[in-house]
Amino acid sequence: MAFTVGRLPALTGLERMILTRRSLCLGAISLAALAAASPALATEDQVRAAIAEDFGQVPDLAALSDGGIRTELPEFSDSGKSVPLTVIIPATMEGQDYPELVAVYAARNPRPRVCRVSFTPACAEASFSTRIRIDSYQDIIIMVRMASGMIFRAVRKVDVTYGACEEPIAYDQFPPGWKPNIRVSVPESVAPGAAAEIRTIIGHPMETGFRHDVHGLLIPVRIAETFRCMVNGETAFSVQLEPAVAANPYFAFKLRGEKSSELRFEWVDTSGEVYSADSELVVG
């Protein structure tokens, strides 16, 4: 088969003008589509509303003490898709000296609430680690309500080069028959009264509900909405997750090793599916 190579005929001035206008129109449409795909950032009023929903009306948030809250969070991260966060609240975990609720807010994410963590005296320490999504330079706010009713607030600034919402186009991450992989780490044994560090991870995409598929259709939100650890059937540690928790949610926390106990870990998906794993905490 022979191929002929030749020159295309030169465009006239009118043809060039039509092509230029068409290119500008296509470019404008593409920019508009990208703008539409990018979710709006939360406002200060939305952040205050989320805090009020969780803690009631607090007249002067800025006047609250930080209560000695320690927040381990990098000041700068190249990617906002998975930023490590550790929160530590000084507490004896006895009587009313423990945090009933710890809530994390990202002031410039599309949704301000990141997660809500609940502790009980079955925890050895008031601390947890996870990974979160951050969309831009902003304040990460930690709110704490102790069992005594006292409320504390701490703020950390963080900056990212590429926000978690930089990729508005996605594909279906839940094929038919999809099931998550679950990994749980429990010490082989702990001494009586010692702290047992528990680490959990579930292989879940945590679809935010802000992205579009290749056809431009919005992908529905689907996340692991709740996580809890039960000790002998009683909830010891639990989390309410939001889309700002990074994909493959990771949580580390510490249980009090009082006696050998059966542990159960449960995650509830937006679909209503419940995923679980069992383990044993050996004390002695």
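J.: Explain the sheet that holds strand 12 (residues 234–241) here, please?
T.: What the 9 strands build is an open sheet, ordered 2-8-7-4-5-12-11-14-15; its pairing is mixed. The open sheet has two free edges, formed respectively by strand 2 (76–79) and strand 15 (274–281), since each of these has just one partner strand. Averaged over neighbouring strand pairs, the angle between their axes works out to 20° when direction is ignored. Bridge count for strand 4 (residues 99–106) against strand 7 (residues 138–146) is 7 bridges, and the pairing is antiparallel. Its bridge partner lying in strand 7, Y105 is registered against I141. Relative to strand 4, helix 2 (residues 44–55) is tilted by about 170°, and along the sheet it contacts strand 4, strand 5 (113–119), strand 7 and strand 8 (151–162).

J.: Is there a simple way to explain the confidence of the model for the chain in this structure?
T.: Put simply, the chain has an average pLDDT of 87, and 83% of its residues get 70 or more. The low-confidence segment residues 1–9 (pLDDT under 50) makes 0 contacts with residues lying over four places distant or belonging to another chain. Below a pLDDT of 50 lies the segment residues 14–37, which in the model reaches 8 contacts outside its immediate sequence neighbourhood of four places, other chains included.

J.: Just checking my understanding: could you explain the nonpolar core for this structure?
T.: Side chains of nonpolar character tend, in soluble globular proteins, to be buried together. Judged by nonpolar contacts, the single largest core of 57 residues is most densely connected at F227 and F237. Among all residues touching F227, those that are not within four sequence positions of it are T200, F237, S238, V239, L241, F251, F253, F265, E266 and W267. Core analysis: the next-biggest nonpolar cluster, separate from the first, contains 12 residues, F55, L61, L101 and I141 among them.

J.: Sorry if this is basic, but what is going on with helix 2 here?
T.: Two residues of an α-helix separated by three or four positions point the same way, owing to the 3.6 residues in each turn. The first and last C-alpha atoms of helix 2 sit 16 Å apart over 12 residues, in line with the 16 Å expected at 1.5 Å per residue. Every buried residue of helix 2 is accounted for by V47, A50, I51, D54 and F55. Buried residues of helix 2, viewed axially, fall in a sector of 110°; they line one side. Opposite the buried face of helix 2, by more than 90 degrees, sit the exposed residues D45 and E53. Taken together, the buried residues of helix 2 touch strand 4, strand 5, strand 7 and strand 8.

About the thresholds
- Residues numbered from 1 in each chain as written.
- Predicted model: local features only at pLDDT ≥ 70, side-chain atom pairs only at ≥ 80, totals over all residues.
- Heavy atoms only, no water.
- Pairing = 2+ DSSP bridges.
- Helix = DSSP H or I, 4+ residues; strand = E, 2+ residues; numbered from the N terminus.
- Axes fitted to C-alpha atoms, helices over the stretch in contact; angles between N-to-C directions.
- Contact = heavy atoms within 4.5 Å.
- pLDDT = per-residue confidence, 0-100.
- Core = buried A, V, L, I, M, F, W, Y, C linked by side-chain atoms within 4.5 Å.
- Buried < 20%, exposed > 50% of the residue type's maximum accessible area, 1.4 Å probe, protein only.
- Expected span 1.5 Å × (residues − 1).
- Arc of directions from axis to C-beta.

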